[in-house]
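# Residue-level structural notes
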Amino acid sequence: MACSRFDHSHVLMTVVPVLFAHSLAPSEICSIRALDNNSDDEPTKITSPPTDDEVALALHVLEGCCLLDRGSRTLAHQHMAVKKIMELLSAGGVVQQSACLDVLPALMLDSPENQKEFECCHGVRKIAQLAKTRNIDEKVRIKSAEFLLLLVGNWLPSTKFTNSIEYDEEREESLRMESLQDDILELLGEDIASLLWAVGRLGSFESEKKQPSLYFQAQHLVDTLDSKVW
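Reference entry: report on the structure contained in this document. As the structure is a prediction and not an experimental result, all values here were calculated from the model. (Residues numbered from 1 in each chain as written. Predicted model: local features only at pLDDT ≥ 70, side-chain atom pairs only at ≥ 80, totals over all residues. Heavy atoms only, no water.)

Let's shift gears to the overall build of the protein chain. For the protein chain, the helix and strand inventory stands at 10 helices and two strands. Counted from the first residue to the last, the protein chain has its helices and strands arranged as α-β-β-α-α-α-α-α-α-α-α-α. Out of the 230 residues in the protein chain, the part that is buried amounts to 45%. Counted over contacts in the protein chain with a minimum sequence separation of 6, partners at least 24 positions apart contribute 69%. (Helix = DSSP H or I, 4+ residues; strand = E, 2+ residues; numbered from the N terminus. Buried < 20%, exposed > 50% of the residue type's maximum accessible area, 1.4 Å probe, protein only. Contact = heavy atoms within 4.5 Å.)

A separate point is the environment of Ser-90. In this fold, Ser-90 is placed in helix H4 (residues 81-91). Exposure remark for Ser-90: the relative accessible area of 53% places this residue in the exposed category. Separated by 37 residues in the primary sequence, Ser-90 and Ile-127 have C-alpha atoms spaced 9.3 Å apart.

Time to look at helix H7 (residues 123-132). In terms of residue burial, H7 counts as a mostly covered element, since seven of its 10 residues are buried. Looking only at H7, the buried set comprises Gly-123, Val-124, Ile-127, Ala-128, Leu-130, Ala-131 and Lys-132.

One pass over the structure, following the stated rule, counts one aromatic pair. Considering the side-chain rings of Phe-118 and Phe-147, the 5.3 Å spacing of their centres and the 50 degrees angle between planes classify their relative orientation as tilted. Residue Phe-118 is found in helix H6 (residues 112-120), and its partner Phe-147 is found in helix H8 (residues 138-154); the two are separated by 29 residues along the sequence. Like Phe-118, the residue Phe-147 is buried in the burial classification. (Phe/Tyr/Trp six-rings, centres within 6.5 Å; stacked < 30°, edge-to-face > 60°.)

What follows concerns the side chain of Glu-146. Inspection of the secondary structure assignment puts Glu-146 in helix H8. Buried within the structure, Glu-146 lacks any salt-bridge partner; Lys-143 is the closest side chain of opposite charge, at an N-O distance of 4.6 Å. Non-local contacts of Glu-146, meaning those with residues more than four positions away in its chain, are made with Leu-214, Tyr-215 and Ala-218. (Lys, Arg positive; Asp, Glu negative; His and termini not counted. Salt bridge = Lys/Arg side-chain N within 4 Å of Asp/Glu carboxyl O.)

Attention now goes to the side chain of Thr-224. Along the chain, Thr-224 turns up in helix H10 (residues 211-226). When near neighbours in sequence (up to four residues on either side) are disregarded, Thr-224 contacts Ile-192 and Leu-195.

Our next topic: the nonpolar core. Leu-24, Leu-59, Leu-62, Phe-118 and Leu-188 are the most contacted members of the largest nonpolar core, which totals 61 residues. With 12 residues, the single largest contributor to this core is helix H9 (residues 171-200). Setting aside its immediate chain neighbours within four residues, Leu-24 contacts Leu-19, Val-55, Ala-58, Leu-59, Leu-62, Lys-84 and Leu-88. (Core = buried A, V, L, I, M, F, W, Y, C linked by side-chain atoms within 4.5 Å.)

Moving on to the pattern of salt bridges. In total, this model carries six salt bridges according to the counting rule given. Residues Asp-102 and Lys-143 are paired through a salt bridge, measuring 2.8 Å at the closest nitrogen-oxygen approach. Residue Asp-102 is located in helix H5 (residues 94-108), and its partner Lys-143 is located in helix H8; the two are separated by 41 residues in the primary sequence. By relative accessible area, which is 23% here, Asp-102 ends up partly exposed. Asp-226 is the salt-bridge partner of Arg-141, the closest N and O atoms lying 2.7 Å from each other. Pair noted here: Arg-141 is in helix H8 and Asp-226 is in helix H10, with a separation of 85 residues, a long-range link.

In this fold, Leu-59 is placed in helix H2 (residues 52-68). Spatially, the C-alpha atoms of Leu-59 and Asp-102 are 8.3 Å apart, while their sequence positions differ by 43 residues. Contact partners of Leu-59, with chain neighbours within four places excluded, come to Leu-24, Ile-85, Leu-88, Gln-96, Ala-99, Cys-100 and Val-103.

Another aspect to go through is H6. Along H6, the residues classified as buried are Asn-114, Gln-115, Glu-117 and Phe-118. For H6, the angular spread of buried residues about the axis comes to 160 degrees, placing them on one side. A positive phi of about 55 degrees marks His-122, the residue just after H6. (Arc of directions from axis to C-beta.)

Note on placement: Ala-218 falls in helix H10. Between the C-alpha atom of Ala-218 and that of Leu-196, which follows or precedes it by 22 residues, the distance is 9.3 Å. Setting aside residues no more than four positions away along its own chain, Ala-218 makes contact with Ile-142, Ala-145, Glu-146 and Leu-149.

Written out as structure tokens, the structure is:
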């Protein structure tokens, strides 16, 4: 059984580098042979960027690897996965953006290094902005709201949003959490932040039974954002 688990983990960890070498690379390099079969020249290389669907599929594969294996999350960090995904989230279409918002929680699960990278990329600000912007695709807005709810429910400490928060954790971690809370407060306002806190303690995102409730609360959050004058 131990050998089987090792083989399973090994297979997953071989998948992650391939994803970042191809579909999640800046561009995909494909080699083709020259038309002259008698030529001794090296195959001609052409640049073929992956399609939106290919990138989205790669992100979903990465999501599965990270959910199944902690080593895959560590390996993804070595490829600066969070930074890459935040870039795709900012520049991609609806299909890519939706896949990015799906994979981010899997990357951040029990992974302080990926959580720190997310903070360095100003991830909360970018995703909160997606949630509050009315001309963004509704599916992306709802997924952004879902992510914020998961963030509150899984990573932020169990305190209300306030400017004077006491933490029992080490000072560095306390400052990081306070920074995330400040970002939410500044971008969404105290009323929305309080709403996030009230409904965000839904527990782990791994529970399929909680997904309908999460979607409903995210829709409510988006509707509340739309009722505000920004």
